[in-house]
Amino acid sequence: MSGDQCRRRVGIVGYGHLGQYLVQRLRDDGLRHGLELAFVWNRDADKLKGMVPAELRLGKLTDFLERHADIIVEVAHPCIAQAYGESFLRTADFMVGSPTALAGLETELKLRAVAQQSGHTLYIPSGALWGGQDIQRMDEGGMLQALTVTMVKHPDSFRLGGHLGELARHARQERTVLYDGPVRGLCPLAPNNVNTMAAACMAASSLGFDGVKGCLVADPALPDYHVVETEATGPGGFSVHTRRKNPAACGAVTGSATFAAFWSSLLVCRGHGGRVYLC
Ligand SMILES: NC(=O)c1ccc[n+]([C@@H]2O[C@H](COP(=O)([O-])OP(=O)(O)OC[C@H]3O[C@@H](n4cnc5c(N)ncnc54)[C@H](O)[C@@H]3O)[C@@H](O)[C@H]2O)c1
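Worth saying up front: this structure is predicted, and the values here are computed from it rather than measured.

Conventions adopted
- Residues numbered from 1 in each chain as written.
- Predicted model: local features only at pLDDT ≥ 70, side-chain atom pairs only at ≥ 80, totals over all residues.
- Heavy atoms only, no water.
- Axes fitted to C-alpha atoms, helices over the stretch in contact; angles between N-to-C directions.
- Helix = DSSP H or I, 4+ residues; strand = E, 2+ residues; numbered from the N terminus.
- Parallel < 35°, antiparallel > 145°, perpendicular 65-115°, else oblique.
- Left-handed = near helix turned anticlockwise from the far one by under 90°.
- Contact = heavy atoms within 4.5 Å.
- Nonpolar A, V, L, I, M, F, W, Y, C, P; charged D, E, K, R; others polar.
- Domains from an automatic or database assignment.
- Buried area = accessible area lost by both parts, 1.4 Å probe.
- Phe/Tyr/Trp six-rings, centres within 6.5 Å; stacked < 30°, edge-to-face > 60°.
- Buried < 20%, exposed > 50% of the residue type's maximum accessible area, 1.4 Å probe, protein only.
- Pairing = 2+ DSSP bridges.
- Right-handed = clockwise from strand over helix to strand, strands pointing away.
- Near = heavy atom within 4 Å.
- Polar contact = N/O pair within 3.5 Å; in protein donor to acceptor, adjacent residues only side chain to side chain.
- Areas by Shrake-Rupley, 256 points an atom, 1.4 Å probe, with all protein chains shown as cover.

**Q** Got a sec to walk through the packing of helix α1 (residues 17-29) against helix α9 (residues 256-268)? Specific residues and values, please.
**A** At their nearest, the axes of α1 and α9 sit 10 Å apart, and the two run at 55° to each other. When the axis of α1 is compared with that of α9, the two are oblique. In terms of crossing hand, the pair formed by α1 and α9 is right-handed. Taking contact as the criterion, the partners of His17, Leu18, Tyr21, Leu22, Arg25, Leu26 and Asp29 in α1 are, on α9, Phe259, Ala260, Phe262, Trp263 and Leu266. Tallied by class, residues from the contact of α1 with α9 come to nine nonpolar, one polar and two charged.

This is the structure:
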């Protein structure tokens, strides 16, 4: 890639595990891929000191416009897409790293509409979802009749409160189904754990968060990997079953392959017009 005018300026919102990884990759390899950092924002600004050059730190997220980002990447919390997604999309492409935010129907409809009006793309990273674009194509062709996503992790790899947290603690003894039902109801209960299911719902938009089934399982026999299975069915007995094993450090919410997958997703984000695009 050559010439400053070809570079896409990337704003990173959130500086936790994923944010730090993406910032490092952008600083190491960004220019080679035509990407440069526009800004980094974190709720706790002190965390950026000594890690991110002062001129790249954004103090107030509401000042994002000053940095002229071409794409803004949220890797913080679902509340960011709910509060800022609309204003991000009015001026830039937006990759929503926490797509469980879109289980709120109002947020999903608003962001879909703004993408269409503004011509900017709402990117959904595939994360641990295998075959997401095939699911999207099947859905767009009116062929997708049902979709189930099952996620299985060690009980210590869930960050859950309430009833599901209680169930996960008991699951240290034996494999336990924590939830089995529409993804819409699961996202608010496990926002950090089921982004992959939310991505599937966005890919399968005719079924959506009410039609795609999510099954969350805690299994003490899986100490160092996570499993994601998808089952898609179509007319005339058509079916596809995938099973993805993702190595993960003991107790990690995010599997290690997910970091590289996020970087690959960002490389896809070169502007696909006013639509939702699985990347
Ligand atoms: N799409 C996927 O497949 C996928 C995979 C892994 C993680 N995620 C999501 O990406 C996000 C970041 O993941 P991570 O592993 O880097 O998490 P992390 O906990 O390491 O970092 C989160 C960062 O966001 C900040 N933050 C937390 N709550 C916030 C709030 N309410 N408002 C603003 N900032 C807040 C924290 O200070 C921290 O810097 C999470 O929402 C997570 O659920 C998505």
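**Q** Please set out the side chain of Ser98 residue by residue, giving values where relevant.
**A** Checked against the element boundaries, Ser98 lands in the loop between β4 (93-96) and α3 (105-118). Ignoring anything within four residues of it in the chain, the contact list for Ser98 reads Glu74, Ala76, His77, Pro78 and Asn195.

**Q** Can you break down the domain arrangement of the protein chain residue by residue, with the values?
**A** Domain boundaries in the protein chain define domain 1 (4-126 + 259-278) and domain 2 (132-254). Taken together, the contacts link 20 residues of domain 1 with 16 residues of domain 2. Between domain 1 and domain 2 lies a buried interface of about 1500 Å² when both sides are counted; carbon and sulfur atoms form 62% of it. Among the residues of domain 1 in contact with domain 2, Thr100, Ala103 and Leu278 are the three that bury the most area, contributing 40% of the side total.

**Q** Let's hear about the packing of aromatic side chains: which residues, and what values?
**A** One pass over the full model with this rule turns up five aromatic pairs. With centroids separated by 5.9 Å and ring planes inclined at 15°, the aromatic side chains of Tyr84 and Phe88 adopt a geometry described as stacked. Of this pair, Tyr84 and Phe88 both sit in helix α2 (residues 78-91), four residues apart, which is roughly one turn of the helix. Overall, the relative accessible area of 24% leaves Tyr84 in the partly exposed class. With relative accessibility at 0%, the residue Phe88 sits in the buried group.

**Q** Got a sec to walk through the pairing of strand β2 (residues 35-41)? Specific residues and values, please.
**A** Burial analysis of β2 places six of its seven residues in the buried class, which makes it a mostly covered element. Alignment of strand β1 (residues 8-13) against β2, held across six bridges, turns out to be parallel. Along β2, the bridge assignment pairs Gly11 with Phe39. In this view, the connection linking β1 to its parallel neighbour β2 by way of α1 has right-handed handedness.

**Q** Describe the site of the ligand, and please don't skip the residues or the numbers.
**A** As a matter of local geometry, the ligand sits amid 23 residues, with His17, Leu18, Asn42, Gly97 and Ser98 nearest to it. The contact in question runs from an oxygen atom of the ligand to an N or O atom on the backbone of Gly16, over 3.4 Å. In isolation the ligand has 850 Å² of accessible area, and contact with the protein removes 85% of it. Those elements that provide at least two residues to the shell around the ligand are α1, α2 and α9. Residue composition of the shell around the ligand, grouped by class: nine nonpolar, 11 polar and three charged. Taken together, domain 1 (4-126 + 259-278) and domain 2 (132-254) each give at least three residues to the shell around the ligand, which thus spans both.

**Q** Break down the packing of α2 against α3 for me, citing the residues and quoting the values.
**A** The interhelical angle for the contact between α2 and α3, taken along N-to-C directions, is 10°, at an axis separation of 9 Å. Relative to α3, the element α2 lies roughly parallel. The segment α2 lies against α3, with Ala81, Gln82, Gly85, Glu86, Leu89 and Arg90 engaging Thr107, Lys110, Leu111, Val114, Ala115, Gln117 and Ser118. Taken together, the residues that form the contact of α2 with α3 break down as five nonpolar, five polar and three charged.

**Q** Which residues make up the sheet that holds strand β8 (residues 213-218), and what are the values?
**A** Pairing within the open sheet is mixed, and its five strands lie in the order β7-β8-β6-β9-β10. The sheet is open, and its two edges are formed by β7 (176-182) and β10 (239-247), each paired on a single side. Adjacent strand axes in the sheet meet at a mean angle of 10°, parallel and antiparallel pairs treated alike. Looking at chain direction, strand β6 (residues 146-153) and β8 are connected through six bridges and run parallel. Following the sheet pairing, Val149 is matched in β8 by Gly214.

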